[in-house]
Amino acid sequence: MSKTNKMAIIPVLLSFFAMGFVDLVGIASNYVKEDLSLTDSVANIFPSLVFFWFLIFSVPTSMLMNKIGRKRTVLLSLLVTVLSLLLPLFGETFPVMLVSFSLLGIGNALMQTSLNPLVSTVIRGGNLASILTFGQFVKAIASFMAPYIAMWGALATIPSFGLGWRVLFPIYMVIGVLATLLLWASPIEEEKMEGKTSSVLACVKLLSRPIVLLSFLGIMCHVGIDVGTNTTAPKILMERLGVTLNEAAFATSLYFIFRTIGCLTGSFFLRVMSNRLFFVLSVVMMALAMAGLAVGSSQTVLYVAIALVGYGNSNIFSIVFSQALRSDHSCQNEISGLMIMGLFGGTVFPLLMGFASDALGQIGAVIVMAVGVIYLFSYIRNIKEV
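None of the values given here were measured: they were computed from a predicted structure.

What follows is about the environment of Gly107. Along the chain, Gly107 falls in helix α7 (residues 94–122). In this structure, Gly107 is in contact with Ser77, Val80 and Thr81, ignoring residues within four places of it in sequence.

Structure, rendered in structure tokens:
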């Protein structure tokens, strides 16, 4: 790693923190549902809308990286993210929140497509899955703090300046501005992409390769379970235990606490243990979690299940993403775009879960997530060791 690239480690990690802002949509959609008296299916439009933009922008972003570079693409993503966090300061109407969450999704699609390849530029060598997992650990800190900040704002535990739970937005906006300025000021040596051209069709054709397609579906399932648990865990507690939303908000934080622990410990385990074995253990944890969420009726069982799915799901993205990225070093930008397009699963799963929970209660949402876990079991045979 060059001296100039070493200086970029802090802003790159801070950018991973900004990447975690997207996970505020889970707890935010629950507060918006309560404030605007929405149904589950309507409230789940918000997380679905956020991740819809991954389908539209991920592949074009991979081509944009070829033209302007990875660093500039990450900077653009941070600017869009900051704008998305600014809008809710002016109100909580349905249209304002729709636009805000759309911009948050667009910014995150740009960021996730460009930031992961930027890591391979800044930090060369080592285990790619392990390095990406540490970035996910930093991202998870922002994710699990969001429900706490929203709850503290709603209960006026911290100064909320009349915003209530929406104080979350200006706090994260300030961090986003800091990440933008630090990354802009950091010199990063990028590989020249001379003569490198691609098209949407050329990128999509990469899905004809089995490992790319199967990894794409794996990431769809990973993020579907992630967003689904983030959104549904508080609802399960409210349905089964009869607690209020502010009390149930801890479920989302618990999920992200164990995701954070999973990312931190995973960055170590992925260096000393085979990727396949660690993946198997992770998916088994998630399967046990689905059983607990489906039938659990006590706080202990539900909390253990939420913790298990949080830990189990924490390293799935890094392992699947690295498997796809290693399959062709000459098309890493394009493959990255396709993998991030797989985050569209965050649109598909919440919509299906919303309809299922309106029809069957929250067990319907758990059944939808369980289908994703079953697919991840089928992915195990595709994991190759380096």
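With that settled, the discussion passes to the pattern of salt bridges. Enumeration over the complete set of coordinates arrives at two salt bridges. For the salt bridge of Glu239 with Arg240, the shortest nitrogen-to-oxygen distance reads 3.5 Å. What makes Glu239 partly exposed here is its relative accessible area of 42%. Classification of Arg240 by relative accessible area gives partly exposed; the value is 22%.

For the rest of this paragraph, the subject is the packing of helix α15 (residues 316–326) against helix α16 (residues 332–341). Orientation of α15 relative to α16, taken along the N-to-C sense of each, is 145°, at an axis distance of 9 Å. Of the two elements, α15 crosses α16, and the hand of that crossing is right-handed. For the pair formed by α15 and α16, the contact residues are Phe317, Phe321, Ala324 and Leu325 on the first element and Gln332, Ile335, Ser336, Met339 and Ile340 on the second.

In this section: the environment of Phe94. In this structure, Phe94 sits in helix α7. Judged by relative accessible area, which is 28%, Phe94 ranks as partly exposed. Sequence separation of Phe94 and Leu36 is 58 residues, and the distance between their C-alpha atoms is 7.9 Å. If we skip the residues at most four places from it in the chain, Phe94 touches Leu36, Leu38, Val42 and Phe46.

What follows is about α16. When you tally the buried positions in α16, you get ten out of ten residues, the bulk of the element. Every buried residue of α16 is listed here: Gln332, Asn333, Glu334, Ile335, Ser336, Gly337, Leu338, Met339, Ile340 and Met341. Check the buried side of α16 and you find it contacts α5 (45–68), α6 (70–86), α7, α10 (200–205), α11 (210–241) and α15.

What follows is about the packing of aromatic side chains. In the structure shown here, the tally under the stated rule is 14 aromatic pairs. Ring centres of Phe21 and Tyr172 lie 4.4 Å apart, and the angle between their planes is 15°; on these two criteria the pair is classed as stacked. Linking Phe21 in the loop between α2 (9–19) and α3 (24–36) with Tyr172 in helix α9 (residues 168–185), this pair joins segments that are 151 residues apart in sequence. Residue classification places Phe21 among the buried residues on the basis of a relative accessible area of 0%. For Tyr172, a relative accessible area of 1% gives the class buried.

This part is about the nonpolar core. Judged by nonpolar contacts, the single largest core of 119 residues is most densely connected at Leu24, Phe101, Tyr172 and Phe279. If one sorts the elements of this core by residue count, α11 sits on top with eleven residues.

So, on to the state of the cysteines. In a disulfide, the sulfur atoms of two cysteines are held together by a covalent bond. Under the definition given, this model contains zero disulfides. Between Cys221, a free cysteine, and Cys263, which holds the nearest cysteine sulfur, the sulfur-to-sulfur gap is 18 Å. For Cys221, a relative accessible area of 9% puts it in the buried group.

Conventions adopted
- Residues numbered from 1 in each chain as written.
- Predicted model: local features only at pLDDT ≥ 70, side-chain atom pairs only at ≥ 80, totals over all residues.
- Heavy atoms only, no water.
- Helix = DSSP H or I, 4+ residues; strand = E, 2+ residues; numbered from the N terminus.
- Contact = heavy atoms within 4.5 Å.
- Salt bridge = Lys/Arg side-chain N within 4 Å of Asp/Glu carboxyl O.
- Buried < 20%, exposed > 50% of the residue type's maximum accessible area, 1.4 Å probe, protein only.
- Axes fitted to C-alpha atoms, helices over the stretch in contact; angles between N-to-C directions.
- Left-handed = near helix turned anticlockwise from the far one by under 90°.
- Phe/Tyr/Trp six-rings, centres within 6.5 Å; stacked < 30°, edge-to-face > 60°.
- Core = buried A, V, L, I, M, F, W, Y, C linked by side-chain atoms within 4.5 Å.
- Disulfide = S-S within 2.5 Å.

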